[in-house]
Amino acid sequence: MRELRIREALREALAEELERDERVFLIGEEVGHYQGAYKVTEGLLARFGAARVIDAPIAEAGFAGLAIGAAMVGLRPVVEFMTWNFSAVAFDQILNNAAKVRQMSGGQFTCPVVFRGPNGAAKQVGAQHSQCFEAFYTHIPGLKVVCPATAADAKGLLKSAIRDDNPVLILEDERLYGVKGPVPDGEHLVPLGVSRVAREGERATVVTWGKGVAPALQACERLAAEGTQCAVVDLRSLRPLDHGPAAESVQRTGRALVVHEAWPYGGVGAEVVDRLQRECFGALQAPVLRVTGRDASMPYNKTLEDLVVPSADTVLRALRALLAY
């Protein structure tokens, strides 16, 4: 077991898969000579060469379409978006080609392509660069969507995504790239569509993913110091969604709080709430509550930005309200 930053864990996964399978290649803006906008691809150009680590022009629709075509004829491309906000330019390619080609060809083509990059708010990058895209993409049949919260999951999920024969979107987080965590030695795969229990507890269950995991754990640690133990379930994969561990936990605790950074209206959190209230209705002792980002465009001002994004304090307040029912 080693301590790696999330960016290092992602880099290790990419290097191992490039080494393992000659069909894998990377493409995106600044992935090569600049070493990656967030240094995830640092050193890979020198190691694997310009034929497999390709610097693309500022043309997301173009290089996303190129990657989808390459995947259809047997290669396994990994596309880096400098931010998922820029994927909006390539939305037609992802929606109408990557997600649909297998079905519309009657299975004659597969599309083993990975799209990855930072999702959600960073630090004062403005409203147009601070959006969470999980609700957009989980809505589309044919896509798989994962949100790693730890270094081990970042590595294991990326490796599994590259080996999958379907398009997989990995929504990372710029503010987590420097966070360290233990990563197993040797081959490490995390299957897509399997959630994990990040913390055990019997009073309430927090269901979250990605950036929401850290503030959820911090809030639960503060409650534990007062003698109240709450569980945290990290979904890890949003499509396919493994809600079994969350439902099992809520059956025991009788209370559930869903935490995510994205806008509340029509979000993934609403889907999770729906499943929990249907499957755990008899066990619930309180309504299922949510902590989300504010239903507004992200402000640039740092103080206002901090108020918009869920924090350990907002999760703690919601848990206290939930426990008071």
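Everything discussed here concerns the structure shown above.
Read on for an overview of the structure. Throughout, residues of each chain are indexed from 1 in the direction in which the sequence is written. Since the coordinates come from a predicted model, pLDDT governs what is reported: local features require at least 70, and pairs of side-chain atoms require 80 or more to be given and counted, while whole-chain, interface and lining totals use all residues. Values reported for side chains reflect all heavy atoms of the structure, with hydrogen atoms and water molecules removed beforehand.

When a residue's accessible area, from a 1.4 Å probe over protein chains only, is under 20% of the maximum for its type it is buried; when over 50% it is exposed; and in between it is partly exposed. We count a stretch as a helix when DSSP gives it H or I for four or more residues in a row; a strand needs E for two or more, and each element gets its number in order from the N terminus. Among all positions in helix α9 (residues 244-253), only P245, A246, A247, S249, V250 and T253 are buried. Contacts: residue pairs with any heavy atoms within 4.5 Å of one another. Packed against the buried residues of α9 are β9 (196-199), β10 (205-208), β11 (231-234), β13 (256-259) and α10 (268-279). Count one or two residues on from α9 and you reach G254, which has phi positive near 80°.

This brings us to the packing of helix α8 (residues 213-224) against helix α12 (residues 312-323). In this analysis an axis means a line fitted to C-alpha atoms, helices contributing only their contacting stretch, and an angle means the value between N-to-C directions, from 0 to 180 degrees. Interhelical geometry of α8 versus α12 gives an angle of 55° and a closest axis separation of 8 Å. With respect to α12, the axis of α8 lies oblique. In this structure, α8 meets α12 at a crossing whose hand is right-handed. Contact residues: P215, A216, Q218, A219, C220, R222 and L223 in α8; A312, D313, V315, L316, L319, R320 and L323 in α12. Each residue gets one of three labels, nonpolar for Ala, Val, Leu, Ile, Met, Phe, Trp, Tyr, Cys and Pro, charged for Asp, Glu, Lys and Arg, and polar for the others, Gly among them. Class assignment for the residues of the contact of α8 with α12 results in ten nonpolar, one polar and three charged. Reported orientations rely on four angle classes, namely roughly parallel under 35 degrees, roughly antiparallel over 145, roughly perpendicular from 65 to 115, and oblique for the rest. Less than a right angle of anticlockwise turn of the near helix away from the far helix marks a crossing as left-handed, whereas a clockwise turn marks it as right-handed.

Among the structural elements, E172 can be located in strand β7 (residues 168-172). Residue classification places E172 among the buried residues on the basis of a relative accessible area of 4%. Within the local environment of E172, its side chain forms a polar contact with the side chain of R116, the two groups lying 2.7 Å apart. Reaching out from E172, the side chain makes a polar contact with the side chain of Y177 at a distance of 2.6 Å. Residues in contact with E172, not counting those within four places in the same chain, are L10, R116, G117, P118, N119 and Y177. By the criterion applied in these results, polar contacts are pairs of N or O atoms within 3.5 Å in which, for protein atoms, one can donate a hydrogen and the other can accept it, and in which residues neighboring in sequence qualify only through two side-chain atoms.

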